[in-house]
Amino acid sequence: MRDLKANSSGSFRTGKHRVKANRKKKQQKPLNLRKILHRSLRIAVVGFTGALVVVGLGLLLQLLVASDLFRIDQVSIFGGSQLRQEHILALSDIQTGISTFAIDLELIGRKIEKNSWVRSARVERIFPRQVNIVIEERVPAAIINLGYLYYLDQSGEVFKVLGRDDSFDFPVVTGFERNELLANPQSGRDQLQKVVALIDDLKQRTRFNLAQVSEIHQEKNGGLSIFTRTGGVKVKMGEGGLPEKLDRLERIYARLKPRLEMLEYIDLNVDKRIIVRIEQQIKTAAS
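Thresholds applied
- Residues numbered from 1 in each chain as written.
- Predicted model: local features only at pLDDT ≥ 70, side-chain atom pairs only at ≥ 80, totals over all residues.
- Heavy atoms only, no water.
- Helix = DSSP H or I, 4+ residues; strand = E, 2+ residues; numbered from the N terminus.
- Buried < 20%, exposed > 50% of the residue type's maximum accessible area, 1.4 Å probe, protein only.
- Contact = heavy atoms within 4.5 Å.
- Areas by Shrake-Rupley, 256 points an atom, 1.4 Å probe, with all protein chains shown as cover.
- Pairing = 2+ DSSP bridges.
- Axes fitted to C-alpha atoms, helices over the stretch in contact; angles between N-to-C directions.
- Phe/Tyr/Trp six-rings, centres within 6.5 Å; stacked < 30°, edge-to-face > 60°.
- Lys NZ or Arg CZ within 6 Å of the ring centre and 35° of its normal.
- 1 Å grid on protein atoms, 1.4 Å probe; cavity = no way out; pocket = protein on both sides within 12 Å on 5 of 7 lines; lining within 4 Å.
- Points joined across faces, edges and corners; volume = space filled by probe spheres on them.

A. Main features of the overall build of the chain. The helix and strand tally for the chain stands at seven helices and 14 strands. By residue count, 31% of the 287 residues in the chain fall in the buried class. Relative to all contacts within the chain whose residues are 6 or more apart in sequence, the contacts with residues 24 or more apart total 46%. Of the roughly 19900 Å² of accessible surface on the chain, a fraction of 53% belongs to carbon and sulfur atoms.

B. Fine view of the sheet that holds strand β11 (residues 224-228). In space, the nine strands of this open sheet follow the order β8-β7-β6-β9-β10-β11-β12-β13-β14, with mixed pairing throughout. The strands lining the two open edges of the sheet, one partner per strand, are β8 (158-161) and β14 (275-278). The mean angle between the axes of side-by-side strands here comes to 25 degrees, regardless of whether they run parallel or antiparallel. Sheet analysis places strand β7 (residues 149-153) next to β8, joined by three bridges and oriented antiparallel. Opposite Y150, over in β8, you have V161 as the bridge partner.

C. The arrangement of unusual backbone geometry in detail. P128 follows F127 through a cis peptide bond whose omega is 5 degrees. Note on placement: P128 falls in the loop between β4 (118-126) and β5 (130-137). One non-glycine residue, D93, lies in the positive phi region at around 60 degrees. By secondary structure assignment, the location of D93 is in the loop between α2 (85-92) and α3 (105-113).

D. Structural view of the packing of aromatic side chains. Enumeration according to the criterion identifies eight aromatic pairs in this entry. Relative to F127, the ring of F101 lies with its centre 5.7 Å away and its plane at 40 degrees, an arrangement referred to as tilted. Taken together, the residues span a long stretch of sequence, with F101 in the loop between α2 and α3 and F127 in the loop between β4 and β5 at a distance of 26 residues. Ring geometry for W117 against F159: centres 5.4 Å apart, planes inclined by 65 degrees, an arrangement best described as edge-to-face. Linking W117 in the loop between α3 and β4 with F159 in strand β8, this pair joins segments that are 42 residues apart in sequence. For the pair W117 and F159, a shared accessibility class is recorded, and that class is buried. Grouped by ring-pair contacts, the aromatic residues W117, Y151, F159 and F170 constitute a single cluster. In this structure, K236 is placed above the aromatic ring of Y265, and the distance from its NZ or CZ to the ring centre is 4.0 Å.

E. Here's a closer look at empty space enclosed by the protein. According to the stated counting rule, one finds one cavity of 30 Å³ or more in the structure shown. Looking at the largest cavity, its volume works out to about 40 Å³. The wall of the largest cavity is formed by Q191, K194, G222, L224, G238, E239 and L242.

Take a look at the structure:
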């Protein structure tokens, strides 16, 4: 047998003949100008149609904004009790007769929330002509003395300086310093929430309740004391287990109540016991 070797020209020798390697020849197709023109025309028509739609929608929107159909003629306010509706409406700065699309709902809500009584304000469009303002107001739980008298709300937040028209019919919280609350807001908030929790507990009781308390005081060590309306007797509560301590006080309060004027303090800090100190005994000892 003989080796078949390819020569440098890319053909194989077989005897005296050369067989050239198979090669595919590329044939260039002529451009289909009609197809290209048709495709370009279709793209142009689609683009032009889209532009017309966008322009048309823009014009339609402008017509709607300018239309009397969407001019505000009613503003409804829900949830306000401390603030009069006229006051809330003035805070919102919504003018009847303007287009409903011209008002910024979030901006109006923020304006209303600048008022001390307002915890949150939600503003809604009711098409075609109405706007609703939903108010959540703060509810005072106590009055706190921080140099000036402020309201303390149910979440333990100080929110408003009392004015002459405000109600003073709340227990007074003392023993807190304004500078300390500003310097340590989280710890101060935690302690104020304990005060609010104590107030909420007292509201639910019958034999010794919030109506019989004039003041709640924070001691230097962080413990709490309360003062009775009758006799101004100090009830030492301490820091923990306040509901259980109030349970013990309620069990004997009916016997203590007639003698409140004679008592100097009631101490609930001793486990399972109540210590009562009578003011008359102190005077006798001192003499």
